[in-house]
Amino acid sequence: MMKSDLRDITDAVIYIGAINQDAQSGAMVEGSFWKYADLNSPLQDEIVSNRYFSWEEKRNRLDGSMFFVPENDYETAYNNGIVTKEVCTGENHPEVLFRFSIKQLDIKGLTIDFGESFPLTFEIETNVGRKQYTLSDSEFVTEDVFEKVDYIKIIPGEMSHGITRLRIEKILFGIGITLTGKKKIISLEIKEKTHPISLELPTVDVKFTIDNQDRYFNANADESVINFLKRGQQVKVYFYQTLEDKSIEKVNAAYAAMDTTWKDKIDTAEFSATDRLYQMDGIYEEGIYRADGISAYDQLADVFLKAGLEKDEYSIDPYLKTVILHNPMPKDTYANCILLIANACRCVMKQDRNYKIIIKASFTPELTTSSNAEAQYSSSTRLLEKVDITEYFDWQQSFNRIDGGLFFPPEGEKYEYAGYVSKVISDENGFFTDNPVISLQASAAFTFFQLTIQFGNVFPQNAIIRCFNNGSETEQFATNISSRKHIINHSFMNVDKVQIEFTKASAYNRIHVHYISVEETSDFVFERDDLLEEPTTERQSSIKDIIAIRSVYSLPAEQEDVFSDTVTISDNSKQFKIEFNDASIPVSVQTVILASGEEGSEDQIVNYGAEIVRYSNWYCIIKFNNPPKIATEVELKIKGYIYKVSKSNYILNINTTGVTPDALDNPLIDSVDLAAKYTEWCAKYYMATAEYNLSNVLGDPVVESNDLAYLEREDGKLQGIRVHTVDIKFSGTFDGSSYKGRSAS
């Protein structure tokens, strides 16, 4: 990827979505709408692609690009955006109103895509006033400021296509700012970091400085866009690179969220953005002990749900459905809870360059092989073993030889291992009545870049490769075979099953396969010519032991006070959230009016209809159904169980001498089985004793943190490395970029 000087012909593009998130996420659409209208998608930046026929002027086309509406099936209808029920005429002007759940909003700019038929004139009404606009194409963008608004109403005039409905295919309460070119973007730095075994939160940090001589970002001008920037607004970075064949390659380099500070320095302006995990700082407190367990997949989905993420904003490896957790999630930030699950389940956690949070198995999964039909002496289940093969004489064309390498089949069924041999033999044209198929199945989805098939004395001519993930086919391609050792260099991305279907061989032949192997390292190479400085190699001490702490929960025999304190109850204060210091199960509630201290006074138990309406192991919600009319101070006691947590060390011995890293204390690790798999996984990280620092490199934005790549060493040999830190610096070229990684086999 870094061989051609032409890759240095690069343009950077930075997009800032200066969108008022309170308006965008809290807008309710009001009006009279077509029954197939979609009132939500235009607010969520979803594209309208499959448009429906409708009785409107200059609307319909007969080129196959339009669809008939489904009969009364609104749920499966394609997104056509917001569409008014009535058409726009000289007398009729159907309105669309967006009412905000939060009042008195200040919005800088408005972006609307009206679709093919757009209003030539229209008005925008708010609770403050009206503004009139004219249009010459479907997309409307204004940088006008709408101050202290509770709603925005669109009132159309004459439509460009005549008598048509008003459509809004996309609306943004704000503007998108695009910064392009070396003159505008003075400097840009993108730093990604992903911990190989998820001991630290992954990070994406973007910093850029732009030319501001036009004073577009002017902190002293009230209506300047810089005064409408807010934490969490989108920042996207792309690179457009010219390749050797003159084609343009677009590289998604970063997708981050605006940080809390930005600077106007008169001639320049500085901005920074971070990953979404940094901003997922709300607290997850729904942890609960489950004796029967919960799948890590379901637990993780609940954390994402409570954090407010939609299903298309994260990806969980289906492998996590097989991992069962019992211990309660600790009370911690959403981001840290996600990290704990990823770490306990031997997954890597990262935010990809489309702003999606990825939880992905980070170990080579267990692989098995099988076939659809094989000869009596075949054994397709052992194809991953590189062992000696015994080949038997068979009635196949050009197969038998008299060099002593073939054996007569034994009497009975005591065959030596012969690899895979198909049951069916090809016909005179090399085709099969039922194509032989070998399947490679993984216990978890993974990515690899090379598939090697070692054939026997004869080899087939053609095959089809099919890739699957979670039961769905993701890719299919053909491959031509020209030698006994067939190497397929291809990006097998996130697959858990690969099928090899042999479609043609030589005449009258079976398929003979001795072994199959996969290679996870990519073909990306940091070559010597790309290194502006010699990389440094830091050797770590050898590891003696890996220690994981197991946390086993159990209930005590007797109940005890899990909470005791005074509260004031009244009609206006009758629901309380009580938090626990230790994981607990609340069982019953008692309220006591304490003795006044006067002679003869006693504590008085009162019944205000206390009820535990919701709880986890870290809190409960108490509601008083019959509170006193007058505010009354009482002692609130909650009886229940406080879990006992016993901790023990699971020790994996690696060497007789060496250092022992700090014990790994993940509170979700409870069983010996989970601890054993966990320590073996962590051991591979600690045993990779070489840390490589490529401090000054002609960088390439295609390399991401957690990628496997090769480093060309001084002796010309290639060293596999797992890249964990990427620091791309761009100021017209990628000079000065840096990468860090650990040795990988």
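Structure's up top.
Read on for a plain summary of the structure.

Quick notes on the rules
Note on numbering: residues in each chain are counted from 1, in written sequence order. Two thresholds apply to this predicted model, a pLDDT of at least 70 for residue-level local features and 80 or more for giving and counting side-chain atom pairs, whereas whole-chain, interface and lining totals are computed over all residues. The basis for every side-chain value is the complete set of non-hydrogen atoms in the structure, without hydrogens or water. Every helix listed is a DSSP run of H or I at least four residues long, and every strand listed is a run of E at least two residues long, numbered separately from the N terminus. The cut-offs for exposure are 20% and 50% of the maximum accessible area for each residue type, with area from a 1.4 Å probe on protein chains only; residues under the lower value are buried, those over the upper are exposed, and the others partly exposed. In this description, contact between two residues means that some pair of their heavy atoms is separated by no more than 4.5 Å. Per-residue accessibility takes into account occlusion by the displayed protein chains alone, with areas from the Shrake-Rupley method and a 1.4 Å probe. Charged residues are defined narrowly, with Lys and Arg counted positive, Asp and Glu counted negative, and His plus the chain ends left uncounted. Taken as the charge centre is NZ of Lys, CZ of Arg, CG of Asp or CD of Glu, depending on the residue. Salt bridges are defined by distance alone: a side-chain nitrogen of Lys or Arg within 4 Å of a carboxyl oxygen of Asp or Glu. Residues grouped as a nonpolar core are buried Ala, Val, Leu, Ile, Met, Phe, Trp, Tyr and Cys residues, joined through side-chain atoms within 4.5 Å. Pairing between two strands is assigned when DSSP locates at least 2 bridges connecting them. With axes taken as lines fitted to C-alpha atoms, and helix axes fitted only over the stretch in contact, angles between N-to-C directions fall between 0 and 180 degrees. Geometry of aromatic contacts follows a simple scheme: Phe, Tyr and Trp rings, the Trp one being its six-membered ring, pair when their centres are within 6.5 Å, and the pair is stacked under 30 degrees between planes, edge-to-face over 60, tilted otherwise. Any Lys NZ or Arg CZ that is within 6 Å of a ring centre and within 35 degrees of that ring's normal is treated as a charge sitting over the ring. In this analysis, the protein atoms alone were mapped onto a 1 Å grid. Cavities are point sets where a 1.4 Å probe fits without being able to get out; pockets are open sets with protein on both sides within 12 Å along at least five of seven lines; lining residues have an atom within 4 Å of a point. Grid points are joined across faces, edges and corners, and a volume is the space filled by probe spheres set on the points. Here the term charged refers only to Asp, Glu, Lys and Arg, the term nonpolar to Ala, Val, Leu, Ile, Met, Phe, Trp, Tyr, Cys and Pro, and the term polar to all other amino acids, Gly among them. Our angle categories are set so that under 35 degrees counts as roughly parallel, over 145 as roughly antiparallel, 65 to 115 as roughly perpendicular, and the remainder as oblique. Left-handed describes a crossing whose near helix is turned anticlockwise from the far helix by less than a right angle; the clockwise case is right-handed. Pairing of N or O atoms within 3.5 Å defines a polar contact, subject to two protein rules: one partner must be a possible hydrogen donor and the other a possible acceptor, and residues neighboring in sequence count only if both atoms are side-chain atoms.

1. Side note on the overall build of the chain
Then, number 1: Scanning the chain for helices and strands turns up 4 helices and 50 strands.
Then, number 2: Expressed along its principal axes, the backbone C-alpha trace of the chain runs to roughly 105 × 85 × 60 Å.
Then, number 3: Burial statistics for the chain: of 745 residues in total, 50% are counted as buried.
Then, number 4: By sequence separation, contacts in the chain at least 24 residues apart represent 76% of the contacts at least 6 residues apart.
Then, number 5: Total accessible area on the chain is roughly 36,100 Å²; 46% of this is exposed by carbon and sulfur atoms.
Then, number 6: Within the chain, the 113 negative side-chain charges are centred at a point lying 1 Å from the centre of the 75 positive side-chain charges.

2. Comments concerning the pattern of salt bridges
Then, number 1: All told, the structure shown has 36 salt bridges when counted by the stated rule.
Then, number 2: Note that Arg353 and Glu192 form a salt bridge whose closest N and O atoms lie 2.9 Å from each other. Of this pair, Arg353 sits in the loop between strand 25 (347-351) and strand 26 (357-361) while Glu192 is found in strand 15 (residues 185-193), placing the two residues 161 residues apart along the sequence. For the pair formed by Arg353 and Glu192, the shared burial category is buried.
Then, number 3: One salt bridge connects Lys193 with Glu200, and the closest N-O pair in it is separated by 3.8 Å.
Then, number 4: Through salt bridges with shared partners, one network takes in Glu95, Glu123, Glu125, Arg130 and Lys153.

3. Comments concerning the nonpolar core
Then, number 1: Core analysis: the largest hydrophobic core is formed by 48 residues, its most contacted members being Phe304, Leu320, Ile341 and Ile359.
Then, number 2: Elements with a contribution of two residues or more to this core: helix 2 (296-306), strand 22 (314-316), helix 3 (334-344), strand 25, strand 26, strand 38 (545-554) and helix 4 (672-687).
Then, number 3: For this core, the element with the highest residue contribution is helix 3, accounting for 9 residues.
Then, number 4: With near-sequence residues (within four places) excluded, Ile341 lies in contact with Ala296, Gln299, Leu300, Val303, Leu320, Met329 and Leu668.
Then, number 5: Grouped together as the second largest cluster of nonpolar side chains are 46 residues, Ile14, Val204, Ala253 and Ile728 included.

4. Here we look at the sheet that holds strand 6 (residues 96-100)
Then, number 1: Spatially, the 5 strands line up as an open sheet ordered 2-6-11-8-9, and their pairing is antiparallel. Here the strands that pair on one side only, and so sit at the sheet edges, are strand 2 (27-30) and strand 9 (130-134). If you compare each strand with its neighbour and ignore which way they point, the axes differ by 20° on average.
Then, number 2: Relative to strand 11 (residues 151-156), strand 8 (residues 121-125) runs antiparallel, the two sharing 4 bridges. Residue pairing across strands places Glu123 opposite Ile155, the latter belonging to strand 11.

5. Considering the sheet that holds strand 43 (residues 610-615)
Then, number 1: Spatially, 40-44-43 is the arrangement adopted by the 3 strands of the open sheet, whose pairing is antiparallel. Only two strands of the sheet have a single partner each, and these edge strands are strand 40 (575-579) and strand 43. Shown here is a sheet whose adjacent strand axes are inclined to one another by a mean of 30°, direction ignored.
Then, number 2: Sheet topology places strand 43 next to strand 44 (residues 619-624); 5 bridges connect them, and they run antiparallel. Opposite Ala610, over in strand 44, you have Phe624 as the bridge partner.

6. Some details on the packing of aromatic side chains
Then, number 1: Following the criterion strictly, the structure yields 34 aromatic pairs and no others.
Then, number 2: Between Phe122 and Phe140 the ring centres are 4.9 Å apart and the planes differ by 85°, which places this aromatic pair in the edge-to-face class. Taken together, the positions of Phe122 in strand 8 and Phe140 in strand 10 (residues 139-149) put the pair 18 residues apart, joining distant regions of the chain.
Then, number 3: Given the relative accessible area of 1%, Phe122 is considered buried.
Then, number 4: Three or more aromatic residues link up through ring pairs in this structure, and these residues are Trp34, Tyr36, Tyr52, Phe67 and Tyr78.
Then, number 5: One cation-aromatic arrangement involves Lys321 over Tyr297; the distance from NZ or CZ to the ring centre is 4.9 Å.
Then, number 6: The cationic tip of Arg346 hangs over the ring face of Phe363; the distance from NZ or CZ to the ring centre is 4.0 Å.

7. Focus on the environment of Gly17
Then, number 1: Structurally, Gly17 can be placed in strand 1 (residues 10-19).
Then, number 2: The class for Gly17 is buried, based on a relative accessible area of 0%.
Then, number 3: Sequence separation between Gly17 and Ser422 is 405 residues; the distance between their C-alpha atoms is 58 Å.
Then, number 4: Look past the residues within four positions of Gly17 in its chain and what remains in contact with it is Ile175, Gln233 and Gln234.

8. Some thoughts on empty space enclosed by the protein
Then, number 1: A full pass over the atoms with the stated rule returns 5 cavities of 30 Å³ or more.
Then, number 2: Considered as a void within the structure, the largest cavity measures approximately 70 Å³ in volume.
Then, number 3: Around the largest cavity, the lining residues are Glu56, Glu57, Lys58, Arg59, Phe114, Gly115, Glu116, Ser117, His161, Thr164, Arg165 and Arg167.
Then, number 4: Residues belonging to the lining of the largest cavity are distributed by class as follows: 1 nonpolar, 4 polar and 7 charged.

9. Regarding the packing of helix 2 against helix 3
Then, number 1: Two elements in contact, helix 2 and helix 3, have axes whose closest approach is 10 Å; the angle formed by their N-to-C orientations is 170°. Put simply, helix 2 runs roughly antiparallel to helix 3. Once helix 2 is placed against helix 3, the crossing between them reads as left-handed. Contact residues: helix 2 offers Ala296, Gln299, Leu300, Val303, Phe304 and Lys306, while helix 3 offers Tyr334, Cys337, Ile338 and Ile341.
Then, number 2: Along the lines of polarity and charge, the residues of the contact of helix 2 with helix 3 split into 8 nonpolar, 1 polar and 1 charged.

10. Observations regarding the layout of surface pockets
Then, number 1: The computed volume of the second largest pocket comes to approximately 1,600 Å³.
Then, number 2: Lining the second largest pocket we find 40 residues, and of these Gln21, Gln234, Tyr255, Arg276 and Glu313 sit closest to its centre.
Then, number 3: Residue assignment for the lining of the second largest pocket shows that the elements contributing at least two residues are strand 1, helix 1 (21-26), strand 13 (170-172), strand 17 (234-242) and strand 18 (248-265).
Then, number 4: Element by element, the count of residues in the lining of the second largest pocket is highest for strand 18, at 5 residues.
Then, number 5: Across the lining of the second largest pocket, the residue classes break down as 16 nonpolar, 13 polar and 11 charged.

11. As for the side chain of Arg51
Then, number 1: Take Arg51: it is sitting in strand 3 (residues 51-52).
Then, number 2: A distance of 2.9 Å separates a polar atom in the side chain of Arg51 from a polar atom in the side chain of Glu169.
Then, number 3: Setting aside residues no more than four positions away along its own chain, Arg51 makes contact with Arg59, Ser65, Met66, Phe67, Asn80, Glu116 and Glu169.

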